[in-house]
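What the coordinates show
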Amino acid sequence: MATTPKILITGASGFIGANLLREALLGGCEVHAFLRKEAKDWRLSGIPKKFFSHEADITDRKGVYAAMQEIKPDYVFHLAAYGAYPAQKDQEVMVRTNILGTMNLMDAALEYGSKAFINTGSSSEYGQKSEPMRESDLLEPDILYAVTKAAGTHYGAMQGKAKNAPIATLRLFSVYGPFEEPGRLMPSIMIALARKGRLRLGSPDNVRDFVYVKDVCRAYFLAAEAASGGKIPGEIINICSGTEAKVGGVVEAALRVSGAEVKPEWGESAPRPYEKKRWVGDGEKAKKLLGFRPEYNLEAGLRETYEWFRKYSDLYPS
């Protein structure tokens, strides 16, 4: 990367975006963030170093071009999305944000000379698979969010291959860590342990491929380096642990690292309609193209996550 790289992060007020913003600042980058007018900024409070905030709607093509012309970022990390959480149900907003918004950003980044554009995909693009998910697999998305994310991924792949453009997509699996959205599995576990409260869960047999957020942030920087060097035009790359974990085993590990005496109450929350029987990624492409493999195993990531929630659980509602 450049001596003082200029980075633009979309979705910077979200879980992964806020972690990435902090890592970029720690790395000495000049950081710019696209934030919606209505964005909740609780994750961005208490950041000691200055970053530049831009009120922007990525579905507004003219506005995106104007902002990109002003900033001229060296690297764009695109994490803004709509539809990942149960309350985000507006289908038109989902399509406009995840497809048109992504197209606007990619086009503007190419227009104004960005050295790398790292798009954020989702493992949900694969749909149900019986084997570890590989980037070459046929996509069979079974929810609209996954369909829209797949469209954005394919647009980036097309632009990257057709124009030899420095665009790549990181297809993320189950990311966890500090600042994760309230109500999701890991925050629910950690808050119950930190507060010695009730831990009400669904099935212990539900599965995920968990990857710690610090590893994910490192993957973005590795991808930016590779893309700016012309090594991965249009590539789609899984970012995963490559290990399938049952929720029951995750809870047992969390109890070990925390030392908390909390008894999980299974079957107390309704299963999600799109819960999968298997969910694990193949990380060989990330290893080959980026030199990436997770540095945190599940227990190490859970330990850091618990310590963070123990200190900052007051950020989350009772």
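Residues numbered from 1 in each chain as written. Predicted model: local features only at pLDDT ≥ 70, side-chain atom pairs only at ≥ 80, totals over all residues. Heavy atoms only, no water.

**Brief notes about the pattern of salt bridges**
This structure, assessed with the given rule, holds 19 salt bridges. A salt bridge links Arg 43 to Glu 181; the nearest nitrogen and oxygen atoms lie 2.6 Å apart. Here the residue Arg 43 occupies a position in the loop between strand S2 (30-35) and strand S3 (52-55), and Glu 181 occupies one in the loop between strand S7 (174-176) and helix H5 (185-195), the gap between them amounting to 138 residues. Among the residues examined, Glu 181 registers a relative accessible area of 23% and is labelled partly exposed. In this structure, a network of salt bridges that share partners links the residues Lys 161, Glu 235 and Lys 285. (Salt bridge = Lys/Arg side-chain N within 4 Å of Asp/Glu carboxyl O. Helix = DSSP H or I, 4+ residues; strand = E, 2+ residues; numbered from the N terminus. Buried < 20%, exposed > 50% of the residue type's maximum accessible area, 1.4 Å probe, protein only.)

**Remarks on the packing of H5 against helix H9 (residues 298-312)**
Look at H5 against H9: their axes get within 9 Å of each other, and the N-to-C directions meet at 60°. With respect to H9, the axis of H5 lies oblique. Crossing of H5 against H9: the hand is right-handed. Touching Met 186, Pro 187, Met 190, Ile 191, Leu 193 and Ala 194 of H5 are Leu 298, Leu 302, Thr 305, Tyr 306, Phe 309 and Arg 310, all from H9. When the residues that make up the contact of H5 with H9 are grouped by side-chain class, the tally is 10 nonpolar, one polar and one charged. (Axes fitted to C-alpha atoms, helices over the stretch in contact; angles between N-to-C directions. Parallel < 35°, antiparallel > 145°, perpendicular 65-115°, else oblique. Left-handed = near helix turned anticlockwise from the far one by under 90°. Contact = heavy atoms within 4.5 Å. Nonpolar A, V, L, I, M, F, W, Y, C, P; charged D, E, K, R; others polar.)

**Description of the packing of aromatic side chains**
Tallying each qualifying case throughout the model produces 14 aromatic pairs. Relative to Tyr 212, the ring of Tyr 176 has its centre 5.4 Å away and its plane inclined at 45°; by these criteria the two rings are tilted. One end of the pair, Tyr 176, is in strand S7; the other, Tyr 212, is in strand S10 (residues 210-212), with 36 residues separating them in the sequence. Counting every residue linked through ring pairs, the aromatic cluster contains Trp 42, Phe 179, Trp 308, Phe 309, Tyr 312 and Tyr 316. For Arg 171, the ring lying beneath its charged end belongs to Tyr 126, and the centroid distance is 4.7 Å. (Phe/Tyr/Trp six-rings, centres within 6.5 Å; stacked < 30°, edge-to-face > 60°. Lys NZ or Arg CZ within 6 Å of the ring centre and 35° of its normal.)

**Some points on the pairing of strand S5 (residues 116-122)**
For S5, the tally of buried residues reaches seven of seven residues, placing the bulk of the element in the interior. Covered by surrounding structure in S5 are Ala 116, Ile 118, Thr 120 and Ser 122 together with Phe 117, Asn 119 and Gly 121, the residues of both alternating faces. Pairing geometry for strand S4 (residues 75-78) and S5, over four bridges, is parallel. Each bridged residue has a counterpart across the sheet, and for Phe 77 the counterpart in S5 is Ile 118. This β-α-β element, S5 to helix H4 (residues 144-163) to strand S6 (residues 167-172), shows right-handed connectivity. (Pairing = 2+ DSSP bridges. Right-handed = clockwise from strand over helix to strand, strands pointing away.)

**What about the pairing of strand S11 (residues 236-239)?**
Side chains Ile 236 and Asn 238 project from S11 onto one buried face, and the interleaved Ile 237 and Ile 239 project onto a second face that is buried too. Alignment of S6 against S11, held across four bridges, turns out to be parallel. Among the inter-strand pairings, Leu 170 is bridged to a residue of S11, identified as Ile 237.

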